[in-house]
Amino acid sequence: MPTPKQRLPYSTAGGGGGGRRGASGSGVLPPVVVLVFLFVVAPSLFFVVRSGGRGHVHVASDPKVRNGDQEAVAMMNLKSILPKEVIDAIAASQQEAGTLSLDFFRNHESPSWKTDDLVTDNGMYADDKAKAENSAAEHDLPTNKSPKDLDGHQVDTAAKIARRKLREKRREKRAMDLLSKDDEARVKLENAAIERSKAVDSAVLGKYSIWRKENENENSDTTVRLIRDQIIMARVYSALAKSKNKSGLFQELQTRIKESQRAVGEAAADADLHHSAPEKIRAMGQVLSKAREEVYDCRAITQRLRAMLQSADEQVRSLKKQSTFLSQLAAKTIPNSIHCLSMQLTIDYYLLPLEKRKFPRSENLENPSLYHYALFSDNVLAASVVVNSTIMNAKEPEKHVFHLVTDKLNFGAMNMWFLLNPPGKATIHVENVDEFKWLNSSYCPVLRQLESAAMKEYYFKADRPTTLSAGSSNLKYRNPKYLSMLNHLRFYLPEVYPKLDKILFLDDDIVVQKDLTGLWDVDLNGKVNGAVETCGESFHRFDKYLNFSNPHIARNFDPNACGWAYGMNIFDLKEWKKKDITGIYHKWQNKNEDRVLWKLGTLPPGLLTFYKLTHPLDKSWHVLGLGYNPSIDRSEIDGAAVVHYNGNMKPWLELAMTKYRPYWTKYIKYDHPYIRGCNLSE
């Protein structure tokens with residue numbers, strides 16, 4: 001306890017008194033008196049004064065007692081317990097230093113009691129600050145209490161309570177600080193995790209583990225994917241086992257791979273798996289665990305997986321090319337059943353007498369007040385659907401006239417079909433394109449180009465593909481359809497029908513669902529062609545079809561100009577003749593002899609020919625994409641006047657999309673003798 005040591009100067013003074021006694025004849029007593037005073041009297045006196053007379057000394061507890069009386073009472077109590085020499089030393093020290101009291105210690109406190117010097121501009125340490133607060137509380141507590149409440153025991157209890165409260169406050173504060181620090185740390189960790197997650201490929205998140213079957217989102221093919229993943233890892237480990245001469249492990253892995261392959265087979269969903277699949281999964285999992293322990297090498301596995309991925313990518317690319325080639329080949333061929341139908345009809349047509357080969361109402365063919373249609377096709381069944389669907393949805397069928405042009409091979413079949421199945425009260429006429437003597441190489445650039453050696457070499461001889469994948473890039477641009485004059489005849493409509501003012505052009509892969517007579521009432525605003533535009537944002541604009549690196553194209557056309565659709569087009573033949581549309585077509589076709597402006601088809605030259613001469617029709621007139629787009633909204637199809645199966649998946653082919661096929665098949669009479677005889681079915 002520091003208090004006795006602070007009285008050292010006064011003990012020294014007491015020692016001086018002892019020295020005076022030694023001068024009067026006592027040489028042994030002074031050191032003893034000093035020691036007794038230091039270790040016995042001074043601490044006792046301090047506690048007596050400090051506590052107000054706890055134990056036997058009670059003088060400090062009565063405020064009415066004067067200071068002199070307090071000292072006398074204290075001395076009397078001390079005389080009863082201390083020797084005479086000690087009492088004399090205390091009395092001598094009082095004479096030199098004055099009386100000892102609690103006020104003296106309060107006013108002359110030791111530097112070791114002071115805490116003010118620990119306070120800085122930024123505050124004080126928590127423990128020292130608490131001590132200062134405790135000291136202040138101890139000094140303040142007795143001031144407002146009555147003499148009765150100044151009992152030492154009661155004061156100590158109040159001080160302890162105050163200190164306890166302060167300690168509790170300190171603990172609460174520290175706890176709050178720790179919690180706040182924890183919150184800050186948690187927020188920092190969460191933010192860091194979010195930042196890291198941004199760098200993670202979203203495709204990886206939520207993936208299942210190849211080592212176990214658990215999966216958050218239970219899908220119908222979870223087990224199938226697990227088996228296939230196990231097979232992949234088994235192949236990797238088998239390669240590592242072979243490289244490390246672990247023949248036993250290699251053979252075991254190969255055996256499990258074959259078993260898993262037999263178990264999964266061609267299954268696409270868990271329901272298709274063999275009942276032994278769970279057992280195979282467990283067996284494979286055990287072997288994979290064993291392989292992982294024996295031959296696991298992270299770097300080697302990564303290299304193997306990367307090589308497998310690259311190999312798989314090459315295989316997919318090759319298969320895509322083969323698929324494209326085969327789909328194009330299938331789209332350009334005629335099914336056996338339709339070929340059968342054409343042959344049977346042709347035979348029966350040429351067996352008919354000449355007088356029975358004529359169609360009724362031929363006087364309507366050049367009547368400009370009627371509704372005229374142009375249909376160019378070599379597919380008997382497709383042409384029949386176009387005519388039947390148009391007539392069945394027409395309000396006045398007797399006012400509709402169909403001008404059908406085909407080639408020499410299908411001329412008899414087309415005539416025979418519509419002689420046997422006339423379109424009600426409508427008028428129909430079939431012509432042979434090979435009988436158009438004016439359509440020759442001296443007049444038509446396409447025919448002239450086909451006679452050139454370079455074009456024959458390109459289309460018929462050069463670069464014969466040796467594989468399916470190699471042929472996919474060439475077949476599209478060498479389709480005989482694009483060389484057929486049936487396809488290019490659309491640019492000669494005024495020459496084919498010189499007496500008509502307007503005509504509606506229809507492709508043979510469309511189905512009519514509503515009355516089309518309203519198209520003749522559409523004001524084209526001086527334009528020649530009325531068509532539905534197909535562009536959206538960056539799709540189906542001119543730069544998709546034309547070569548804008550060529551100066552002829554770049555100078556004359558806007559690459560962002562909107563494309564439009566062939567398949568249902570209303571043409572004003574009067575404006576056609578005025579603007580010499582056929583002449584414009586000839587100009588651009590001649591410039592493209594080396595295929596430097598566009599590569600294929602009739603749409604690119606049509607875009608050039610009718611540039612700024614096309615009036616956009618409402619999109620509900622013509623909905624496209626049923627031959628390639630599986631996600632067309634059902635409401636759009638049902639609300640369309642015409643639906644178009646443009647693309648490779650024609651409705652008469654087996655590769656047609658099933659959900660779109662009923663729009664086409666409902667206009668075919670499958671109980672017809674010719675159709676039954678050629679095994680045509682829905």
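Residues numbered from 1 in each chain as written. Predicted model: local features only at pLDDT ≥ 70, side-chain atom pairs only at ≥ 80, totals over all residues. Heavy atoms only, no water.

Caption draft 1: Focus on the environment of aspartate 594. Summarising the element assignment, aspartate 594 is placed in the loop between α23 (581–591) and α24 (603–609). Each C-alpha atom, one on aspartate 594 and one on glutamine 449, is 9.2 Å from the other, the two residues being 145 residues apart in sequence. (Helix = DSSP H or I, 4+ residues; strand = E, 2+ residues; numbered from the N terminus.)

Caption draft 2: Inspection of the confidence of the model for the protein chain at higher detail. With 68% of its residues at a pLDDT of at least 70, the protein chain reaches an overall mean of 77. The low-confidence segment residues 110–132, where pLDDT is below 50, has 19 contacts with residues more than four positions distant or belonging to other chains. Counting contacts from residues 200–218, a segment whose pLDDT is below 50, to residues more than four positions away or on other chains yields 22 contacts. (pLDDT = per-residue confidence, 0-100. Contact = heavy atoms within 4.5 Å.)

Caption draft 3: Inspection of the pattern of salt bridges at higher detail. In the structure shown here, the tally under the stated rule is twelve salt bridges. Residue lysine 650 pairs with aspartate 509 through a salt bridge whose shortest N-O separation is 2.6 Å. Here lysine 650, found in the loop between β10 (642–644) and α26 (662–665), pairs with aspartate 509, found in the loop between β4 (502–506) and β5 (510–512); they are 141 residues apart in sequence, far enough to count as distant. Using a relative accessible area of 11% as the deciding quantity, one classes lysine 650 as buried. A relative accessible area of 5% places aspartate 509 in the buried class. Each of the salt bridges in this network shares a partner with another, and the network as a whole consists of Asp313, Glu314 and Arg317. (Salt bridge = Lys/Arg side-chain N within 4 Å of Asp/Glu carboxyl O. Buried < 20%, exposed > 50% of the residue type's maximum accessible area, 1.4 Å probe, protein only.)

Caption draft 4: Spatial organisation of the pairing of strand β2 (residues 400–406). With seven of its seven residues buried, β2 lies for the most part within the structure. Every second residue of β2 is oriented toward a common face, with His400, Phe402, Leu404 and Thr406 on one face and Val401, His403 and Val405 on the other, all of them buried. In this sheet, β2 lies alongside strand β1 (residues 371–376) in parallel orientation, the contact comprising six bridges. The residue of β2 that forms the bridge with histidine 372 is valine 401. Crossover β1 to β2 through helix α13 (residues 380–392) is right-handed. Summarising the sheet, β2 and strand β3 (residues 427–432) pair through six bridges and their orientation is parallel. Bridging across to β3, phenylalanine 402 finds its partner in isoleucine 428. Note that the unit made of β2, helix α14 (residues 411–420) and β3 has a crossover that is right-handed. (Pairing = 2+ DSSP bridges. Right-handed = clockwise from strand over helix to strand, strands pointing away.)

Caption draft 5: Representation of the state of the cysteines in the model. Across all of its chains, the model carries two disulfides by this definition. Each disulfide pairs two cysteine sulfurs, and for cysteine 340 the partner residue is cysteine 678, the sulfurs being separated by 2.2 Å. On the sign convention where negative means left-handed, the S-S torsion of about -75 degrees between cysteine 340 and cysteine 678 marks this disulfide as left-handed. Taken together, the residues span a long stretch of sequence, with cysteine 340 in helix α12 (residues 336–350) and cysteine 678 in the segment after α27 (673–677) at a distance of 338 residues. When its relative accessible area of 23% is taken as the criterion, cysteine 340 is described as partly exposed. The disulfide partner of cysteine 535 is cysteine 562, and the S-S distance across this bridge is 1.8 Å. With the S-S dihedral at roughly -100 degrees, the linkage between cysteine 535 and cysteine 562 falls on the left-handed side. Taken together, the positions of cysteine 535 in the loop between β6 (529–531) and α20 (542–545) and cysteine 562 in the loop between α21 (551–556) and β7 (568–572) put the pair 27 residues apart, joining distant regions of the chain. (Disulfide = S-S within 2.5 Å.)

Caption draft 6: Representation of the nonpolar core within the structure. Counting 65 residues, the largest nonpolar core has Leu504 and Leu516 as its most contacted members. A per-element tally of this core places α13 first, with eight residues. When neighbours within four sequence positions are excluded, leucine 516 is seen to be in contact with Tyr373, Leu504, Trp621, Ala641 and Val642. Ranked by size, the runner-up nonpolar core spans 45 residues in total, among them Leu500, Ile553, Trp588 and Leu597. (Core = buried A, V, L, I, M, F, W, Y, C linked by side-chain atoms within 4.5 Å.)

Caption draft 7: Looking closely at unusual backbone geometry. The residue asparagine 245 is not glycine, and still its phi comes out positive at about 60 degrees. Exposure remark for asparagine 245: the relative accessible area of 69% places this residue in the exposed category. Phi at asparagine 525 is positive, roughly 55 degrees, even though this residue is not glycine. With respect to the helices and strands, the residue asparagine 525 is situated in the loop between β5 and β6.

Caption draft 8: Summary view of the pairing of β7. Here β7 lies mainly inside the structure; five of its five residues are buried. What you see with β7 is no split at all: Met568, Ile570 and Asp572 on one side and Asn569 and Phe571 on the other are buried throughout. Sheet topology places β4 next to β7; five bridges connect them, and they run antiparallel. Within β7, the position partnered with leucine 504 by the bridge is isoleucine 570. Note that β6 and β7 share two bridges and pair antiparallel. Its bridge partner being in β7, asparagine 529 is matched across the sheet by phenylalanine 571.

Caption draft 9: Quick look at the packing of aromatic side chains. By the definition in use, this model includes 24 aromatic pairs. Aromatic side chains tyrosine 349 and phenylalanine 411 sit 6.4 Å apart centroid to centroid with 85 degrees between the ring planes, which places their arrangement in the edge-to-face category. Here tyrosine 349 is found in helix α12, whereas its partner phenylalanine 411 is found in helix α14, with 62 residues between them in sequence. Each member of the pair tyrosine 349 and phenylalanine 411 is classed as buried. On the numbers, 5.7 Å between centres and 15 degrees between planes, the contact of phenylalanine 436 with tryptophan 438 is stacked. Owing to a relative accessible area of 11%, phenylalanine 436 belongs among the buried residues under this scheme. What makes tryptophan 438 partly exposed here is its relative accessible area of 29%. Geometry around tyrosine 296 places arginine 292 over its ring, the cationic atom sitting 5.6 Å from the centre. Sitting over the ring of tyrosine 566, arginine 490 keeps its end group 4.6 Å from the ring centre. (Phe/Tyr/Trp six-rings, centres within 6.5 Å; stacked < 30°, edge-to-face > 60°. Lys NZ or Arg CZ within 6 Å of the ring centre and 35° of its normal.)

Caption draft 10: Focus on the packing of helix α8 (residues 222–243) against helix α9 (residues 247–264). One can describe the packing of α8 onto α9 by two numbers: an axis separation of 9 Å at closest approach and a directional angle of 160 degrees. The angle between α8 and α9 falls in the class roughly antiparallel. You can see that α8 and α9 cross each other, and the crossing is left-handed. Here Val224, Ile227, Arg228, Ile231, Ala234, Arg235, Tyr237, Ser238, Ala241 and Lys242 of α8 lie close against α9, whose contacting residues are Leu249, Phe250, Leu253, Gln254, Ile257, Ser260, Gln261 and Val264. (Axes fitted to C-alpha atoms, helices over the stretch in contact; angles between N-to-C directions. Parallel < 35°, antiparallel > 145°, perpendicular 65-115°, else oblique. Left-handed = near helix turned anticlockwise from the far one by under 90°.)

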